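Here is how the chains run, residue by residue.
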Amino acid sequence: MGRVGRALADETRCRILVELAAAAAYPSELADRLGESRSKISNHLACLRGCGLVVAVWEGKKVRYEIADPRLTHALADLLGIVLAVDPAAECDEEPA
């Protein structure tokens, strides 16, 4: 769970996961869609790979990334539904009393 939490703690990694949940993609496509540099996307993909959330699929000299397990795609969809139901004004960085 800690690995998943670490991966989801970064907004860019979350955005990458949402994109990959919709369809596999190449790093350059993700960089263009997310408005980030290719090197930043590659670094985040390495983290997501290390956490076991995405896999790299080589296609000749190019590498395509996809979600490692279809159950993760389902879980991400569930998490997005929860996030949309949460009060955006609620603070979550404070320790409980």
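Residues numbered from 1 in each chain as written. Predicted model: local features only at pLDDT ≥ 70, side-chain atom pairs only at ≥ 80, totals over all residues. Heavy atoms only, no water.

What about helix 3 (residues 27-34)?
The set of residues buried in helix 3 consists of Pro27, Leu30, Ala31 and Leu34. Down the axis of helix 3, the buried side of the element spans an arc of 100°, and every buried residue falls inside it. In this structure, the buried side of helix 3 is in contact with helix 2 (11-22), helix 4 (38-50) and strand 2 (62-67). The positive-phi residue at the C-terminal boundary of helix 3 is Gly35, with phi of around 65°. (Buried < 20%, exposed > 50% of the residue type's maximum accessible area, 1.4 Å probe, protein only. Helix = DSSP H or I, 4+ residues; strand = E, 2+ residues; numbered from the N terminus. Arc of directions from axis to C-beta. Contact = heavy atoms within 4.5 Å.)

Remarks on the pairing of strand 1 (residues 54-59)
The sheet contact formed by strand 1 and strand 2 spans six bridges and is antiparallel. Among the inter-strand pairings, Val55 is bridged to a residue of strand 2, identified as Glu66. Counting the residues between successive antiparallel strands, the hairpin from strand 1 to strand 2 contains two residues, one of them, Gly60, with a positive phi of roughly 70°. (Pairing = 2+ DSSP bridges.)

Here we look at the packing of helix 2 against helix 3
Two elements in contact, helix 2 and helix 3, have axes whose closest approach is 11 Å; the angle formed by their N-to-C orientations is 115°. For the element pair helix 2 and helix 3, the recorded crossing hand is right-handed. Between helix 2 and helix 3, the residues in contact are Arg15, Ile16, Glu19 and Leu20 and Leu30, Arg33 and Leu34, respectively. Looking at the contact of helix 2 with helix 3 residue by residue, the classes come out as four nonpolar, no polar and three charged. (Axes fitted to C-alpha atoms, helices over the stretch in contact; angles between N-to-C directions. Left-handed = near helix turned anticlockwise from the far one by under 90°. Nonpolar A, V, L, I, M, F, W, Y, C, P; charged D, E, K, R; others polar.)

Observations regarding the pattern of salt bridges
One pass over the full model with this rule turns up seven salt bridges. Ionic pairing is found between Glu36 and Arg15, a salt bridge with its closest N-O pair at 3.6 Å. Here Glu36 is found in the loop between helix 3 and helix 4, whereas its partner Arg15 is found in helix 2, with 21 residues between them in sequence. Between Arg33 and Glu29 there is a salt bridge, and its shortest N-O distance comes to 3.8 Å. One end of the pair is Arg33 and the other is Glu29, both in helix 3 and four residues apart, which spans about a single turn. Glu29 sits in the partly exposed class, given a relative accessible area of 30%. A single salt-bridge network, built from bridges that share partners, covers Arg15, Glu36 and Lys40. (Salt bridge = Lys/Arg side-chain N within 4 Å of Asp/Glu carboxyl O.)

Re the side chain of Thr12
With respect to the helices, strands and loops of the structure, Thr12 is situated in helix 2. Exposure remark for Thr12: the relative accessible area of 8% places this residue in the buried category. Leave out the neighbours within four places in its chain, and Thr12 touches Glu36, Lys40, Ile41 and His44.

Structural notes on the state of the cysteines
On inspection of all chains with the given rule, the structure shows zero disulfides. Residue Cys51 stays outside any disulfide, its sulfur separated by 4.2 Å from that of Cys47, the closest cysteine. (Disulfide = S-S within 2.5 Å.)

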